[in-house]
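The chain contents come next:
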Amino acid sequence: MDDLLGTCLSQVQDGTHQKQCAAIGLPQDSLGITDGYVKVHFRSELLGQTEVRIDEANPWWREEFIYVDPKPSDPLTLEVHDNDNIWDDLVGICTTLVQRGTHRNGCVLEEGGMLFYDYTLS
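Numbers given for residues are sequential positions, taken from 1 along each chain in its written order. Thresholds applied to this predicted model are a pLDDT of at least 70 for local features of residues and 80 or more for the giving and counting of side-chain atom pairs; totals over whole chains, interfaces and linings are not thresholded and use all residues. Think of the side-chain values as coming from all heavy atoms in the structure, minus any hydrogens and water.

(A) Representation of the overall build of the protein in the model. Along its length, the protein carries zero helices and 14 strands. For the protein, the N- to C-terminal ordering of α and β elements is β-β-β-β-β-β-β-β-β-β-β-β-β-β. Three labels apply to residues, based on accessible area from a 1.4 Å probe with only protein chains included: buried if under 20% of the type maximum, exposed if over 50%, partly exposed otherwise in between. The buried share among the 122 residues of the protein stands at 41%. Of the roughly 6600 Å² of accessible surface on the protein, 50% is carried by carbon and sulfur atoms. The way it works is that DSSP assigns letters per residue, a run of H or I at least four long becomes a helix, a run of E at least two long becomes a strand, and they are numbered from the N terminus. In these tables, accessible area is a Shrake-Rupley quantity obtained with a 1.4 Å probe, and a residue counts as shielded only by the protein chains included in the view.

(B) View of the environment of Arg 104. Its location among the elements puts Arg 104 in strand E13 (residues 101–108). Overall, Arg 104 belongs to the exposed group, its relative accessible area being 61%. Separated by 2.8 Å, the side chains of Arg 104 and Asp 118 make a polar contact. In protein, a polar contact means a hydrogen-donor-capable atom and an acceptor-capable atom, both N or O and within 3.5 Å, with residues adjacent in sequence counting only if both atoms are side-chain atoms; elsewhere, any N or O pair within 3.5 Å suffices.

(C) View of a nonpolar patch on the surface. Each patch is built from residues lacking any salt bridge and having more than 30% relative accessible area; the joining distance is 9 Å for like charges and 5 Å for nonpolar side chains (Val, Leu, Ile, Met, Phe, Trp, Tyr). Salt-bridge detection follows one rule: a side-chain nitrogen of Lys or Arg within 4 Å of a carboxyl oxygen of Asp or Glu. Taken together, the side chains of Leu 4, Ile 66 and Val 68 define a hydrophobic patch exposed on the protein surface, amounting to about 240 Å² of accessible area. Here Ile 66 is to be found in strand E10 (residues 65–68).

(D) Up close: the confidence of the model for the protein. The score called pLDDT rates the predictor's confidence residue by residue, from a low of 0 to a high of 100. Chain-level pLDDT for the protein is 86 on average; 89% of the residues reach the 70-or-more range. Of all helices and strands in the protein, the one with the weakest mean pLDDT is strand E3 (residues 16–18) (42), whereas strand E12 (residues 89–97) scores best (96). Confidence drops under pLDDT 50 across residues 10–18; counting only partners more than four residues distant or on other chains, this segment forms 11 contacts. The contact definition used throughout considers only heavy atoms, calling two residues in contact when any of these lie within 4.5 Å.

In structure tokens, the structure reads:
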């Protein structure tokens, strides 16, 4: 069986949906509160992006991203963006070198706020 990498995975504990990809304190710009979304990359491949959370300084996302046959120490990168009419602003980037097991990570975003995310490498 191939190894799998999953990030922003949803979990249900005691009937409660646990948010596994969330940000707090995203900044405002001249257009208002951040309309945040996350692009997920593994190695150099874009796995996808979350939906946009409109006017949310503390958004969460429930999309799951899976990669088949990952290797330990490969880079997992999550980019937080602010969706705007003309172009999207980059709020910040989180990168980690994946390791086996389930991990909860957080990082400070360059333009303000923090991103928290889980990943599992099995």
